[in-house]
Amino acid sequence: MSGLRDHAGRHIVAVTGMGLVTPLGFGVAESWAGLLAGRSGISRITRFPTEHLKTSIAGQVVLPEEAGRPPFSSPERVERMAALAAAEAVAQAGIGGPFPGPLFLGMPPVEVEWPQRLELARRTNGEAAGSYPAMIAAAAGRGDLFEMFLFGGIGERLADRFGTRGAPVSVTTACATGASSIQLGLEAIQRGEAAAALCIGAEGSVAPEPMIRFSLLSALSARNEEPERASRPFEKTREGFVMSEGAAALVLESLESAQARGAEVLGLVLGAGERADSFHRTRSNPDGGAIIGAMRTAIADAGLEAAQIDYVNAHGTGTPENDKMETLGMRAVFGDAPPPISSNKSMIGHTLSAAGAIEAVFSLLTIRDGMLPPTINHEVPDPTIPLDVVPNRARAAKVGRVLSNSFGFGGQNVCLVLGAAP
Amino acid sequence: MSEPVWITGIGLVSSLGEGVEPHLAALRAPDAKPVVDAASFAPFPIHPLPSLALDAQIPKKGDQRQMEPWQRLGTYAAGLALDHAGARGLAGEMHLLVAAGGGERDVALDEAICRELAALPPGEAGPLLNERLANGLRPTLFLAQLSNLLAGNISIVHGVTGSSRTFMGEESAAADAVRIATARLAEGRGETALVGGAYAAGRWDMLLLFSPSGGLLRGDWVPLAGRPGGGMVTGSLGAFLVLETARHARARGARGLAAIGAVRNGAARRRGGDTARASALALAEGLPLRPGHAVFSGASGVAGALEEERAFLDTLTEAGPVRFTTDLLGHGMEASFPANLALAALALQAGLVPQALVTGFGLWRGEALAVLEPVGEEAEG
């Protein structure tokens, strides 16, 4: 039975299904083909007016059912993309009927939004027009608003749809959210609490207010005239990340359960590590301690040495700060000869709550096909970033183990180690 | 590998006050009265925040300015829990699991924009909305609003950095957090965890979310027993627990307030036969409840869930007293489950009850049960 347990005596965790929705396409195949081709999914925003916005570009997923109607709210968008990705993953895993394990959903916080607020405000008048008490009065009987914007609403509807077991668990760790959802599933299977888990990361926050808020933090690229060239991780002229959206789903299963039912094993989740930073709300400690700690903990949790990592799927947001700190982490963990590292965000932008899950799927595809996706827009190398970032063109390489980094605002850092199927 | 897990510290802030004393006093007094503000958010009564000496737990003014009330409340309560457990020195390796709702909006800005834009056709409203937001939003408010930034602030202010996870989903989020924290410690992934949540009542933005459910009590406050159609009164509540393996607590000479016997949660679809009562009955299967166990109910007051919970409680054999703590504290959403665990731990430690069953029936979804046991004499030695 030792072939079913890892170095720490825990259940080995297999991936038996994957699903993707990204600005490069619907489904794993289309998104992965776009990524290997070095195609940018960033474009001018068409969903809402962009006057007075510093940044008017984003990665956008155009949902067919949205045509000819007002844009979906964030929870509607998140739920739809999560459901598309989950349906693809569950189908690939060959699971029919109710899903035999819990749901872990990484998602953004949601709230009543401007279209709803303005719709309510239009039904108020007199001196109290537009006031919260008047809008509350106008919202009487609107159980639909309540259920749409509850934090637990999306998880409940997805759990209902896929028949997952137990309470759906929703998690947010900022830009590490998608990785956290996989880590929760990994742990539940490792400790024998579940034989399978449906892990999803989904994001749908491209809307005026979130964009303005990120702009106020000076986090976004404003290269509005050249959308496809705006996301420039690890490059000298990088100036910020590009907001994006999408979803990924992974079916995790104990290797034992996957083999018992004859499912195809697509890869393994070998380990996870996390570390919180106590330095600043939006910046890492200059010593890189939490980033380095998360990377090292993940590698150790997988029972590996740093030298056994063949490739790193970067957090690589394209902000001056992140890329500098990630470089520091790479050199600290891997020494003078770090493995190649590339940023999917150069093409799909920063999918925030979905990023960790989307990039875990891309990491598994990297192993499967022996192809490193590129970091595009690499025109002027940054001399302070002495890394092989797989510039501009995908490259063949034999990859057995990938470290996937996710570092969040608020100091929440999660790293995953993905491996080839046994 | 299954190591016993104790509660070794609690940090509790409610409209009754802060820390152990006011809450233990309320548990001892059968006629304890809540603190109610019926005017400020009429027609909705709320249980307000007590005044807090923030400097005691959040010494830097810069940190205080970077937070809104719910984050300050949670960060403050988290600090109380660390102090109560004598666990300041353990923060660096401590896991952090927070149950969080949405952060405060700038209500004055929202209202000004709504007033101006409601009169315009949608085509004109869009660009103007961008302009008003770009000029009106404060950069710090974004960070005060992000749900995971309560955890971020606790890491920054108290140095809790072992790990950081924020759970969402109203009451259920807290049950997830406590259950997962307990499981991780029991299986040997770490020795200590700080787990809890905060809810600042008296927020128009949250009342706009919850009022369309029809579940909020309107008018004068009355206890749960006097609300024939049910009704939820939101309460300001910050509640954090320090969880610790018994092995680790013994080794450092820390006292256990209570031992966690079980934490379970589920989510009925609440339609057809898939009821909250059936969900709770399934969760209760095999729980080691003894005659005379006290019940600390996390009922929100919302009618449907309350009926389901009462029907479930009726099935318990030889239960002791049932306390609906919303009558003292109000309903604090993500903070309710940890607050009830804290109250139960206090009652156990004071010898007021022999064993405690803590319930959580979410206003919309989610059922949770926990059993707390006294920490035995031999265990304390």
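Remember, predicted model here, so these are calculated numbers, not experimental data. (Residues numbered from 1 in each chain as written. Chains lettered and ligands numbered in written order. Predicted model: local features only at pLDDT ≥ 70, side-chain atom pairs only at ≥ 80, totals over all residues. Heavy atoms only, no water.)

A. Up close: unusual backbone geometry. For the bond from Ala 42 of chain B to Pro 43 of chain B, the omega torsion is 10°, close enough to zero to count as cis. Within the fold, Pro 43 of chain B resides in the loop between α1 (20–28) and α2 (61–65). In this model, Asn 392 of chain A sits at a positive phi of 65°, which is unusual for a non-glycine residue. Inspection of the secondary structure assignment puts Asn 392 of chain A in the loop between β12 (371–372) and β13 (395–396). For Asn 392 of chain A, a relative accessible area of 33% gives the class partly exposed. (Helix = DSSP H or I, 4+ residues; strand = E, 2+ residues; numbered from the N terminus. Buried < 20%, exposed > 50% of the residue type's maximum accessible area, 1.4 Å probe, protein only.)

B. Quick look at the nonpolar core. Judged by nonpolar contacts, the single largest core of 96 residues is most densely connected at Ile 182 and Leu 252 of chain A together with Ile 7, Leu 243, Phe 296, Phe 337 and Leu 372 of chain B. In terms of residues, this core owes the most to one element, helix α14 (residues 336–349) of chain B, which gives 10 residues. Apart from the residues lying within four places of it in its own chain, the contact partners of Leu 243 of chain B are Val 5, Trp 6, Ile 7, Val 178, Ala 181, Thr 182, Leu 185, Glu 191, Thr 192, Ala 193, Val 195 and Ile 260 of chain B. The next biggest cluster of nonpolar side chains, apart from the first, holds 62 residues, and it includes Val 112, Leu 120, Phe 146 and Leu 220 of chain A. (Core = buried A, V, L, I, M, F, W, Y, C linked by side-chain atoms within 4.5 Å. Contact = heavy atoms within 4.5 Å.)

C. View of the interface of chain B and chain A. Facing 79 residues of chain B, the contacting portion of chain A comprises 74 residues. Buried area between chain B and chain A, summed over both chains or domains, comes out near 6700 Å², and the portion from carbon and sulfur atoms is 63%. It is Met 168, Leu 208 and Trp 364 of chain B that lose the most area in chain B upon contact with chain A, and together they represent 12% of the buried surface on that side. Here chain B and chain A share 14 salt bridges between them. (Buried area = accessible area lost by both parts, 1.4 Å probe. Salt bridge = Lys/Arg side-chain N within 4 Å of Asp/Glu carboxyl O.)

D. The arrangement of the layout of surface pockets in detail. Its volume calculated, the second largest pocket comes out at about 550 Å³. Along the walls of the second largest pocket sit 24 residues, with Arg 191 and Glu 193 of chain A together with Arg 179, Ala 183 and Val 263 of chain B positioned nearest its centre. Elements represented by at least two residues in the lining of the second largest pocket include exactly α8 (170–186) and β7 (258–266) of chain B. If one sorts the elements of the lining of the second largest pocket by residue count, α8 of chain B sits on top with 4 residues. (1 Å grid on protein atoms, 1.4 Å probe; cavity = no way out; pocket = protein on both sides within 12 Å on 5 of 7 lines; lining within 4 Å. Points joined across faces, edges and corners; volume = space filled by probe spheres on them.)

E. Representation of the packing of aromatic side chains in the model. Per the stated rule, a full pass over the model turns up 5 aromatic pairs over all chains. Note on Phe 41 of chain B and Trp 204 of chain B: the rings are 5.1 Å apart at their centroids and 55° apart in plane angle, and the pair reads as tilted. Of this pair, Phe 41 of chain B sits in the loop between α1 and α2 while Trp 204 of chain B sits in helix α9 (residues 204–210); the two residues are 163 residues apart in sequence, bridging distant segments of the chain. With respect to class, Phe 41 of chain B is no different from Trp 204 of chain B; both count as buried. Connected via pairs of aromatic rings, a cluster forms that spans Phe 214 and Phe 241 of chain A together with Phe 142 of chain B. Lying over the aromatic face of Trp 114 of chain A, Arg 117 of chain A brings its terminal NZ or CZ to 4.5 Å of the ring centre. (Phe/Tyr/Trp six-rings, centres within 6.5 Å; stacked < 30°, edge-to-face > 60°. Lys NZ or Arg CZ within 6 Å of the ring centre and 35° of its normal.)

F. Representation of the UniProt feature "domain: Beta-ketoacyl synthase-like N-terminal" (unreviewed entry) in chain B within the structure. With numbering aligned to this structure, UniProt lists the feature "domain: Beta-ketoacyl synthase-like N-terminal" (unreviewed entry) at residues 54–247 of chain B. In this annotation, residues 54–247 of chain B is assigned 47% helix and 14% strand; the end-to-end C-alpha distance for the span is 34 Å. (UniProt positions renumbered as here; feature names shortened; annotations may be inferred.)

G. Here's a closer look at the pairing of strand β3 (residues 95–99) of chain B. Residues and elements named next belong to chain B. Taking burial as the measure, the 5 residues of β3 include 5 buried ones, the bulk of the element. The side-chain alternation of β3 yields two buried faces, one formed by His 95, Leu 97 and Ala 99 and the other by Leu 96 and Val 98. Across 5 bridges, β3 lies against strand β4 (residues 163–168) in parallel orientation. Paired with His 95 across the two strands is Ser 163, which belongs to β4. (Pairing = 2+ DSSP bridges.)

H. The arrangement of the packing of helix α2 (residues 74–93) of chain A against helix α6 (residues 153–162) of chain A in detail. All names here are of chain A. Taken N-terminus to C-terminus, the directions of α2 and α6 make an angle of 30°; their axes are 10 Å apart at the nearest point. Put simply, α2 runs roughly parallel to α6. For the pair α2 and α6, the crossing hand works out as right-handed. Along the contact surface, α2 presents Pro 75, Val 78, Glu 79, Ala 82, Ala 83, Ala 86, Ala 87 and Val 90, while α6 presents Ile 154, Arg 157, Leu 158, Arg 161 and Phe 162. In terms of residue class, the contact of α2 with α6 is made up of 10 nonpolar, no polar and 3 charged. (Axes fitted to C-alpha atoms, helices over the stretch in contact; angles between N-to-C directions. Parallel < 35°, antiparallel > 145°, perpendicular 65-115°, else oblique. Left-handed = near helix turned anticlockwise from the far one by under 90°. Nonpolar A, V, L, I, M, F, W, Y, C, P; charged D, E, K, R; others polar.)

I. Layout of empty space enclosed by the protein. Within the structure shown, the criterion is met by 4 cavities of 30 Å³ or more. Estimates place the volume of the largest cavity at around 160 Å³. Lining the largest cavity are 19 residues; nearest its centre among them are Gly 152 and Pro 168 of chain A together with Gly 169, Ser 172 and Arg 365 of chain B. Of all elements in the fold, only α6 of chain A together with α8 of chain B reach the threshold of two or more residues within the lining of the largest cavity. Per-element accounting of the lining of the largest cavity gives the leading share, 5 residues, to α8 of chain B. Residue composition of the lining of the largest cavity, grouped by class: 8 nonpolar, 6 polar and 5 charged. Empty space within the second largest cavity amounts to approximately 100 Å³. Contributing to the lining of the second largest cavity are 17 residues, with Glu 171, Phe 337, Gly 360, Phe 361 and Ala 368 of chain B lying nearest its centre.

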